[in-house]
Amino acid sequence: MDELDARLRAMAKREDWALPAAYESAMDGLEEQIRQGGTLDRPGKRRLGKRVLILGNGGTCRTISALAEDLGAASVAVASRHPGPGALSYAEAAGLADVQVIFNASPAGMYPHNGECLVDFAHYPRCEAAVDMIYNPLRTAFLQRAAVRGVKAVNGLEMLVAQAQAAAALFLNRALPGGEVPRLARQLRGELANIVLIG
């Protein structure tokens, strides 16, 4: 709980906003999503050590950026359709060939933007993981294009489940059993996946 407090205080200070009365569980959910993506150095270690690119510069971008810094990212760059201070254009971001982890924190890929992908993975030959905040649809164009290039692709479902677990633990003021996030995410994925058999 103290570690969460410290992360939230640091993020609030950096973003110049007051902490809400309730704890924000997004950091825990996002960290689990990164862990599922295999982008932390090794199990049990909280070190990212990678070059990160975040697509989109809204509120989710701030959470990802704060966590990436907390996890020791080698660098964090942001790309936006509206470049400005602290945000590159997507054309400028295409020149960052050493990026290793790309987060989609934009609405691209979610209704009504289904099928939209903001990056061409050919520009990122060192990319190891593509992490999408979107969980519906389960496989966005961003994740599909990453998978075609052999990049580990993780959707937002693990984050959603881990965020719910963290919020429940805070609400109940007690730790919940570990190891449930992957199992629950698999169960939800099975329930949400549309399977059509023809023939």
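Residues numbered from 1 in each chain as written. Predicted model: local features only at pLDDT ≥ 70, side-chain atom pairs only at ≥ 80, totals over all residues. Heavy atoms only, no water.

Looking only at helices and strands, the protein has 7 helices and 5 strands in total. Along its sequence from the N terminus, the protein presents helices and strands in the succession α-α-β-α-β-α-β-β-α-β-α-α. Burial status across the protein gives 42% buried among its 199 residues. Within the protein, counting contacts between residues at least 6 apart in sequence, those at least 24 apart form 64% of the total. (Helix = DSSP H or I, 4+ residues; strand = E, 2+ residues; numbered from the N terminus. Buried < 20%, exposed > 50% of the residue type's maximum accessible area, 1.4 Å probe, protein only. Contact = heavy atoms within 4.5 Å.)

What follows is about the environment of P83. Looking at the secondary structure, you find P83 in the loop between β2 (75-79) and α4 (90-93). Classification of P83 as partly exposed rests on a relative accessible area of 45%. Between the C-alpha atoms of P83 and N57, which are 26 residues apart in sequence, the distance is 9.0 Å.

Turning next to the pattern of salt bridges. As enumerated under the stated definition, the model contains 4 salt bridges in all. Close ionic contact of R81 with E116 constitutes a salt bridge, the shortest N to O distance being 2.3 Å. Of the two residues, R81 is situated in the loop between β2 and α4 and E116 in the loop between β3 (101-104) and β4 (129-132); the sequence distance between them amounts to 35 residues. When the shortest N-O distance is used, the salt bridge between E158 and R189 registers 2.6 Å. In this pair, E158 sits in helix α6 (residues 157-172) while R189 sits in helix α7 (residues 180-192), placing the two residues 31 residues apart along the sequence. On the basis of relative accessible area, E158 is assigned to the buried category, the value being 8%. (Salt bridge = Lys/Arg side-chain N within 4 Å of Asp/Glu carboxyl O.)

Before going further, it helps to spend a moment on unusual backbone geometry. P112 follows Y111 through a cis peptide bond whose omega is 5°. Cis rather than trans, the peptide bond between N136 and P137 has omega equal to 10°. Looking at where P137 falls in the secondary structure, it is placed in the loop between β4 and α5 (141-148). For N173, which is not glycine, the phi torsion reads 60° and is therefore positive. Along the chain, the position of N173 falls in the loop between α6 and α7.

A few words on the sheet that holds β4. Read from one edge of the open sheet, 5 strands run β2-β1-β3-β4-β5, paired in parallel fashion. Each edge of the open sheet carries a strand with a single partner, namely β2 and β5 (152-154). On average, each strand axis in the sheet is inclined to that of its neighbour by 15°, with strand direction left out of account. Bridging between β3 and β4 involves 4 bridges; their strand directions are parallel. Residue pairing in the sheet places N104 in a bridge with D132 of β4. (Pairing = 2+ DSSP bridges. Axes fitted to C-alpha atoms, helices over the stretch in contact; angles between N-to-C directions.)

What follows is about the pairing of β2. Summarising the sheet, strand β1 (residues 51-55) and β2 pair through 5 bridges and their orientation is parallel. Within β2, the position partnered with L53 by the bridge is A77. Following the backbone out of β1, through helix α3 (residues 59-70) and into the adjacent parallel β2, one traces a crossover that is right-handed. (Right-handed = clockwise from strand over helix to strand, strands pointing away.)

In the predicted model, the protein carries a mean pLDDT of 81, and the fraction of residues at 70 or more is 74%. Scored below 50 in pLDDT, residues 18-23 shows 8 contacts in the model against residues more than four places distant or in partner chains. (pLDDT = per-residue confidence, 0-100.)

Attention shifts here to the side chain of D132. Within the fold, D132 resides in strand β4. Here D132 is buried and forms no salt bridge, its nearest opposite-charge partner R139 lying at an N-O distance of 11 Å. Separated by 3.0 Å, the side chains of D132 and N104 make a polar contact. (Lys, Arg positive; Asp, Glu negative; His and termini not counted. Polar contact = N/O pair within 3.5 Å; in protein donor to acceptor, adjacent residues only side chain to side chain.)

This part is about the nonpolar core. Buried together is how nonpolar side chains tend to be arranged in soluble globular proteins. Within the largest apolar cluster, 19 residues are counted, with the highest numbers of intra-cluster contacts made by L53, L55, I102, V119, F121, Y124 and F142. Of all the secondary structure elements, the ones that give two or more residues to this core are β1, β2, α4 and α5. Of the residues forming this core, the biggest block, 4 residues, is contributed by α5. Residue contacts for L53: discarding those within four places in its chain leaves A77, V78, A79, A93, L96, V99, V101, I102, F103 and Y124. (Core = buried A, V, L, I, M, F, W, Y, C linked by side-chain atoms within 4.5 Å.)

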